[in-house]
Amino acid sequence: MDLTYTPEEEEFRARLRQWLGEVLPKLPPAPAPSDWPGRRAYDLGWQRMLHDAGYADVHWDASPTTRLIYLEETELAGAPYVGANFVGLLHAGPTIAAEGTPGQRARWLPPILRGEEVWCQGFSEPGAGSDLAALRTRAWRDGDAYVVTGSKMWTSHAEVADWCELLVRTDSSAPKHRGITWLALRMDAPGVTVRPLRTLAGSNEFAEVFLDEVRVPVAHRVGAENDGWRVTMVTLSFERGTAFVGEVVACRRVLRELAAASRRNGRWDDPVLRRRLGRLNAEFRALWRLTQWSVSEASASGVPGVGGSVFKLRYSHARQELYDAAADVLGPDALDLDRPWVLDRLSSLSYTIAAGTSQIQRNIVAERILGLPKGR
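What counts and how
Residues numbered from 1 in each chain as written. Predicted model: local features only at pLDDT ≥ 70, side-chain atom pairs only at ≥ 80, totals over all residues. Heavy atoms only, no water. Phe/Tyr/Trp six-rings, centres within 6.5 Å; stacked < 30°, edge-to-face > 60°. Lys NZ or Arg CZ within 6 Å of the ring centre and 35° of its normal. Axes fitted to C-alpha atoms, helices over the stretch in contact; angles between N-to-C directions. Helix = DSSP H or I, 4+ residues; strand = E, 2+ residues; numbered from the N terminus. Parallel < 35°, antiparallel > 145°, perpendicular 65-115°, else oblique. Left-handed = near helix turned anticlockwise from the far one by under 90°. Contact = heavy atoms within 4.5 Å. Nonpolar A, V, L, I, M, F, W, Y, C, P; charged D, E, K, R; others polar. Buried < 20%, exposed > 50% of the residue type's maximum accessible area, 1.4 Å probe, protein only. Salt bridge = Lys/Arg side-chain N within 4 Å of Asp/Glu carboxyl O. 1 Å grid on protein atoms, 1.4 Å probe; cavity = no way out; pocket = protein on both sides within 12 Å on 5 of 7 lines; lining within 4 Å. Points joined across faces, edges and corners; volume = space filled by probe spheres on them.

K.L.:
Tell me about the packing of aromatic side chains, and name the residues and values.
P.N.:
In this structure the tally under the stated criterion is 8 aromatic pairs. Relative to Phe86, the ring of Tyr81 lies with its centre 6.2 Å away and its plane at 40°, an arrangement referred to as tilted. The rings of Phe12, Trp19, Trp46 and Tyr55 are connected pair by pair, giving a single aromatic cluster. For Arg13, the ring lying beneath its charged end belongs to Tyr5, and the centroid distance is 4.9 Å. Against the face of Trp36 rests Arg39, its NZ or CZ located 4.5 Å from the ring centre.

K.L.:
Any chance you could break down the packing of helix H1 (residues 7–23) against helix H2 (residues 36–53) for me, citing the residues and the numbers?
P.N.:
Close contact between H1 and H2 brings their axes to 13 Å; oriented N to C, the two are set at 135°. When the interaxial angle is binned, H1 and H2 end up oblique. At the point where H1 passes H2, the crossing takes the right-handed sense. Between H1 and H2, the contacting residues are Trp19, Leu20 and Val23 on the first element and Trp46, Met49, Leu50 and Ala53 on the second. The class makeup of the residues in the contact of H1 with H2 is 7 nonpolar, no polar and no charged.

K.L.:
For unusual backbone geometry, give the residues involved together with the corresponding values.
P.N.:
Its identity is not glycine, yet Trp154 carries a phi of approximately 55°, on the positive side. One non-glycine residue, His157, lies in positive phi territory at about 60°. Accessibility expressed as a relative area gives 8% for His157, which makes it buried.

K.L.:
Break down the pattern of salt bridges for me, with residues and values.
P.N.:
With the rule as written, the count across this model stands at 24 salt bridges. Here Glu125 ties to Lys152 by a salt bridge, and the two come within 2.8 Å at their closest N and O atoms. Placement of Glu125 in the loop between strand S1 (119–122) and strand S2 (138–142) and of Lys152 in strand S3 (residues 145–152) is noted, with a sequence separation of 27 residues between them. With respect to burial, Glu125 and Lys152 carry one shared label: buried. The salt bridge involving Arg276 is made with Asp328; its shortest N-O contact spans 2.3 Å. Taken together, the residues span a long stretch of sequence, with Arg276 in helix H8 (residues 271–301) and Asp328 in helix H9 (residues 307–330) at a distance of 52 residues. Each member of the salt-bridge network shares a partner with another, and the members are Glu10, Arg13, Arg17, Glu72 and Glu73.

K.L.:
Just give me the short version of the side chain of Lys152, but keep the residues and values in it.
P.N.:
Residue Lys152 is classed as buried on the basis of its relative accessible area of 2%. Among residues more than four places away in sequence, those in contact with Lys152 are Gly122, Phe123, Ser124, Glu125, Pro126, Leu135, Thr137, Leu166, Leu167, Ala207, Glu208 and Val209.

K.L.:
With reference to specific residues and values, describe empty space enclosed by the protein.
P.N.:
Evaluation of the coordinates by the stated rule reveals 2 cavities of 30 Å³ or more. Here the largest cavity is characterised by a volume of approximately 180 Å³. Along the walls of the largest cavity sit 14 residues, with Leu71, Thr74, Pro80, Tyr81 and Val82 positioned nearest its centre. Listed by contribution, the elements that provide at least two residues to the lining of the largest cavity are H2 and helix H3 (64–76). Looking at the lining of the largest cavity, the element that brings in the most residues is H3, giving 4 residues.

Structure, rendered in C-alpha cells:
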C-alpha cells in the first residue's frame, strides 16, 4: 500500500488549486438551502464549469488517487459541494461506469458530467427498515418494458431529478437477495408521484416517491435481471467509501474552528473539552489515512472495497461526536439555529442511519471482513 503522491499527482494538485483560486471569487452567492430549483441550477452550473475546465471526469476516468486529491482540494478551497449532483456523480454514475453497457455509458454519463441531468436514489422503502433486500416494490416484464408498482422513502433530490437509480423486485419466489433488479427510471414517466419530506433541520432534500404501474424500458436495466443486489453492492461501495472524502476534510476544518472559538470564549480552559478535541483530531487523522487506504485498494480493484463499511461506521459516529463537541463550545448558543454548527449538529444525527445503519455496517464488517458466522 503506497500512501505517497507521485510528481504527476502533485502537479495535478497545483494546477487544480490555481484554477480554484481564479474562479471561486467570481461565483455568485449560493441560493438558500430550501430553494431546490435554485440549488439545482446553481449546482449544474458549477458542474458545467468543472466540465469545461477539464475536471468533470475525475469521478470516473481519473485514478482513485487523483479523485482523492480533487475532493480534498475543492473542500479546502471552499468550492461548491456536488449538491443536487450527489447521486449522479458519486453513486449512479460510477455504478453505470462499472456495470453499464457501452450504450448506457454513452447515454447517461456525459449529461451527468456536463451538468445537464440530475439523478436521485430510489433504494429505501417505508416497510423495509434497514434491511434493503426486504424491498417490496414490484416489477414485472411486459414485452420490452418492466411495469413497476410500489413506493420509495428518503429519495434524495427526487423533486428536482431527471432520473432515478431504482431497485425493484422482479422475482418474488427467489431468495430476497437474488430477486432484485437495478433500473434507471425517468422521473417524468407517467405514474410517478413525488411528495417532498421535511427533515429535523428544516431542509427538504428527501422525498417519498410513489410508482403506479410505471413503464421502464428493459434497455434501462443495468446488469442482468435479478442480479441487482450485486450491482447495488457496487453502488454502496462508492456511497460508503470515497463519497465521504470531502466531508472528512470539512470535519477537520470545523475541528480547527472549534478550537479557535473555544480559545476566544474561554471554553479552552476546560481540560475535558481540550482532551475531547484532541481525541477527535486523532480520530479524523486516522479516518483520513483509512480513506487513503481505501483509495489505494480501489486503484487495484476499480471500486472501493468492503473497508468502506469500516470507514462509514466510524465516520458516522465521529461526525456526531464532533458536533456534540461544538455544542459544548457554543454553550447556550447551541440552541440558536442561526449559529454556525447548530444545523450541522441536527443533520449529523442521520449519519448513523443513512447509507446503511451502523448496525448493518457492523454486520458487514463482522461477516465480510472478519469472517464471523452469520447470526440465526
